[in-house]
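Here are the chains, one letter per residue:
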Amino acid sequence: MRSAKDFFRPLAVGAPAPVREVPFRPSRMIHFFDPGNEKMAAKVPTLAPQVDVLLGNLEDAVQADRKVAAREGLVAVAKANDFGDTQLWTRINSLDSPWALDDLLTLVTEIGDRLDVIMVPKVEGAADIHYVDRLLAQLEAKAHVERPILVHAILETATGVANVEEIAGASPRMQGLSLGPADLAASRRMKTTRVGGGHPGYLVREDPTTEGAPRATYQQDLWHYTIARMVDACAAHGILPYYGPFGDIQDVTACEDQFRNAFLLGCVGAWSLHPVQIAVAKRVFSPAPEDVAWARRVIDAMGDGTGAVMIDGKMQDDATYKQCLVVSELAADLAARDPELADAYAAAEKEGNA
Ligand code: GLV
Ligand code: MG
């Protein structure tokens, strides 16, 4: 085991020092694009200002004979564009594929100073993160990258879920985790054929009442357990949890429900696979103006945060104060990047104080 004292030492001579805290940057939607697709790559300049994170995808959904084109396309896109304060991420191929090593070698050497986060799919345990961690340090040193590239793992195998805590704490580079419901379903041998969301067969049924009367059924959330486990692992290690993809692009209502469940449970964002999902993620992962106004009212009334007060008949104490700080601080971070949201929060607070 490495000594705790060495945990924050660079893993290669000349590599940048690891971060001590994951910098919180708005990442309500991680918008996926295929950098090998010229039409999509051409849209990057207009897309970048609309999203918090733009992710060049090299893994699943890119055909085997397009892998090199996608990698080279991402290098070209990164070199040709100024992303402002939008983050640039990539999803490399999985570590058991023939492409992952070349993905890392090329991307870090060519555009290491432009990449904020590398998403690693199908992570099964801390050993996968340690492999990437050392390799990134060597490549950063070689390419003179001045700030460490962070790592994001997709939770999408049964083994990965079993090892989620050790994955979250495997390196100071760990930025966050995303739920990957499609691969996870296959890995667990679930009997679904979808990318995220619910299933009408996964339900509970009301008890029988009178003879023959119809009994209501209620669909249950297939992902509740995994999201909650992922959120706890992330919170314990100071990294950020995300819901992943929602594959039924036309069903924006169910997409919004799935995203909102994740938001309420602690996630900070989700993937967007199509431009219609950008607005959904923005709406869901930005606290509602009335909730922010309420949180700020509680914070003001609680003074130093100790004791108890009643507001509109509801008891407030240290614990509700802390919840309100979470909402208020998230709102402040998002408003700093999103002027429309800043105006909505200011208007709701004014109304609340009137
Ligand atoms: C994402 O990669 C998933 O498998 O759901
Ligand atoms: Mg997957």
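Above this text you will find the structure in question.
Note that the structure is predicted; figures quoted are calculated from it, not measured. Residue indices begin from 1 for each chain and proceed along its sequence in written order. Written order determines the labels here, with chains lettered from A and ligands numbered from 1. Under the rules for a predicted model, residues below a pLDDT of 70 receive no local features and side-chain atom pairs below 80 are neither given nor counted, while totals for whole chains, interfaces and linings still include all residues. Each side-chain value is worked out from all heavy atoms of the structure, with water and hydrogens disregarded.

(A) Representation of the overall build of the protein chain within the structure. Where helices and strands are cited, they refer to DSSP runs of H or I of at least four residues and of E of at least two residues respectively, numbered from the N terminus. Secondary structure assignment for the protein chain yields 14 helices and 12 strands. Its C-alpha atoms give the protein chain a radius of gyration of 22 Å, within 12% of the compact-globule value 20 Å for 354 residues. The buried label goes to any residue with under 20% of its type's maximum accessible area, the exposed label to any with over 50%, and the partly exposed label to all in between, with areas taken from a 1.4 Å probe on protein chains only. Here the protein chain, with 354 residues, has 47% of them falling under the buried criterion. Contacts are residue-level and defined by heavy atoms, with any inter-residue pair within 4.5 Å sufficient. Taking the contacts inside the protein chain whose residues are at least 6 apart along the sequence as the reference set, 72% of them involve residues at least 24 apart. Separation between the mean location of the 35 positive side-chain charges and that of the 49 negative ones in the protein chain comes to 3 Å. A radius of gyration in this sense is built from C-alpha atoms; the matching globule rule multiplies 2.2 Å by the number of residues raised to 0.38. Just so you know, the count uses Lys and Arg for positive and Asp and Glu for negative, and it drops His and the chain ends. Note on charges: their place is set at NZ of Lys, CZ of Arg, CG of Asp or CD of Glu.

(B) Structural view of the site of ligand 1. Neighbouring residues of ligand 1: Arg91, Glu156, Gly180, Pro181, Ala182, Asp183, Pro245 and Trp271. Polar contacts here mean pairs of N or O atoms no more than 3.5 Å apart (in protein, one a potential hydrogen donor and the other a potential acceptor; neighbouring residues in sequence count only if both atoms are side-chain atoms). Take Arg91: an N or O atom from its side chain is 3.1 Å from an oxygen atom of ligand 1. The contact in question runs from an oxygen atom of ligand 1 to an N or O atom on the backbone of Asp183, over 2.8 Å. For ligand 1, the accessible surface in isolation is 190 Å², of which the surrounding protein chains cover 93%. When residues are grouped by polarity, Ala, Val, Leu, Ile, Met, Phe, Trp, Tyr, Cys and Pro land in nonpolar, Asp, Glu, Lys and Arg in charged, and all others, Gly among them, in polar. Classifying every residue of the shell around ligand 1 by side-chain character gives 4 nonpolar, 1 polar and 3 charged. Each residue is tested against the molecule or strand, and it is near if at least one of its non-hydrogen atoms lies within 4 Å. We get accessible surface area from the Shrake-Rupley algorithm with a probe of 1.4 Å; when it comes to residues, only the shown protein chains can shield them.

(C) Examining the pattern of salt bridges more closely. Here a salt bridge means any side-chain nitrogen of Lys or Arg lying within 4 Å of a carboxyl oxygen belonging to Asp or Glu. The final tally for this structure, using the stated rule, is 20 salt bridges. Notably, a salt bridge pairs Glu59 with Lys122, separated by 2.5 Å at the nearest N-O pair. Note that Glu59 is positioned in the loop between strand 2 (53–57) and helix 3 (67–80) and Lys122 in the loop between strand 4 (117–120) and helix 5 (126–143), a separation of 63 residues in sequence. The class of Glu59 is buried, set by a relative accessible area of 2%. Linking Arg147 and Asp116 is a salt bridge whose minimum nitrogen-to-oxygen distance equals 3.9 Å. Taken together, the residues Arg147 in the loop between helix 5 and strand 5 (150–155) and Asp116 in the loop between helix 4 (100–111) and strand 4 connect sequence positions 31 residues apart. Residue classification places Arg147 among the partly exposed positions, given a relative accessible area of 32%. Asp116 gets classed as buried once you look at its relative accessible area, which sits at 14%. Here the salt bridges share partners, and the residues they tie into one network are Arg28, Asp52, Asp85, Arg337 and Asp338.

(D) The side chain of Glu140, seen in detail. Inspection of the secondary structure assignment puts Glu140 in helix 5. When residues no more than four places from it in sequence are discounted, the contact partners of Glu140 are Ala15, Pro16, Val108, Val145, Arg147, Pro148, Ile149 and Arg173.

(E) Representation of the packing of helix 4 against helix 5. At their nearest, the axes of helix 4 and helix 5 sit 9 Å apart, and the two run at 35 degrees to each other. The hand of the helix 4/helix 5 crossing is right-handed. Contact residues: helix 4 offers Leu101, Leu104, Leu105, Val108 and Thr109, while helix 5 offers Tyr131, Leu135, Leu136, Leu139, Glu140 and Ala143. For the contact of helix 4 with helix 5, the class distribution of residues is 9 nonpolar, 1 polar and 1 charged. To define axes, lines are fitted to C-alpha atoms, for helices over the stretch in contact only, and angles between the resulting N-to-C directions are given on a 0 to 180 degree scale. Whether a crossing is left-handed or right-handed is set by the direction in which the near helix is turned from the far one by less than a right angle, anticlockwise for left-handed and clockwise for right-handed.

(F) Quick look at the coordination of the magnesium ion (ligand 2). Surrounding the magnesium ion (ligand 2) are the protein donor atoms Glu156 (OE) and Asp183 (OD), which sit 2.1 to 2.2 Å from the metal. Of the two residues, Glu156 is situated in the loop between strand 5 and helix 6 (158–162) and Asp183 in helix 8 (residues 181–188); the sequence distance between them amounts to 27 residues. By relative accessible area, which is 3% here, Glu156 ends up buried. Relative accessible area serves as the criterion here: at 25%, Asp183 is assigned to the partly exposed category. The donor set covers N, O and S atoms within 2.8 Å of the metal, switching to 3.2 Å for Na, K and Ca, and it leaves out water, so a site may look short of donors.

(G) Just the packing of helix 9 (residues 224–237) against helix 10 (residues 252–265), in detail. One can describe the packing of helix 9 onto helix 10 by two numbers: an axis separation of 10 Å at closest approach and a directional angle of 35 degrees. Like other packed secondary-structure pairs, helix 9 and helix 10 cross with a definite hand, here right-handed. On the side of helix 9, the interface is formed by His224, Ile227, Ala228 and Val231, while helix 10 contributes Gln258, Ala262 and Leu265. Looking at the contact of helix 9 with helix 10 residue by residue, the classes come out as 5 nonpolar, 2 polar and no charged.

(H) View of the sheet that holds strand 5. Taken in spatial order, the 8 strands make up an open sheet running 9-6-5-4-3-2-1-10, and their pairing is parallel. Both outer strands of the open sheet, strand 9 (240–242) and strand 10 (270–272), are each paired with one neighbouring strand and no more. Sheet twist, expressed as the average angle between the axes of neighbouring strands with direction ignored, equals 25 degrees. With 4 bridges joining them, strand 1 (residues 29–33) and strand 2 adopt parallel strand pairing. Note that in strand 2 the partner of Ile30 across the bridge is Val53. Across the face of the sheet, helix 3 comes into contact with strand 1, strand 2 and strand 3 (87–91) while running at roughly 170 degrees to strand 3. A pair of strands is considered paired only if DSSP assigns at least 2 bridges between the two.

(I) Spatial organisation of the environment of Ser97. Within the fold, Ser97 resides in the loop between strand 3 and helix 4. The buried category is assigned to Ser97, whose relative accessible area is 16%. When the C-alpha atoms of Ser97 and Glu59 are compared, they prove to be 9.6 Å apart, with 38 residues separating the residues in sequence. For Ser97, the side chain forms a polar contact with the main-chain oxygen of Ser94, separated by 2.8 Å.

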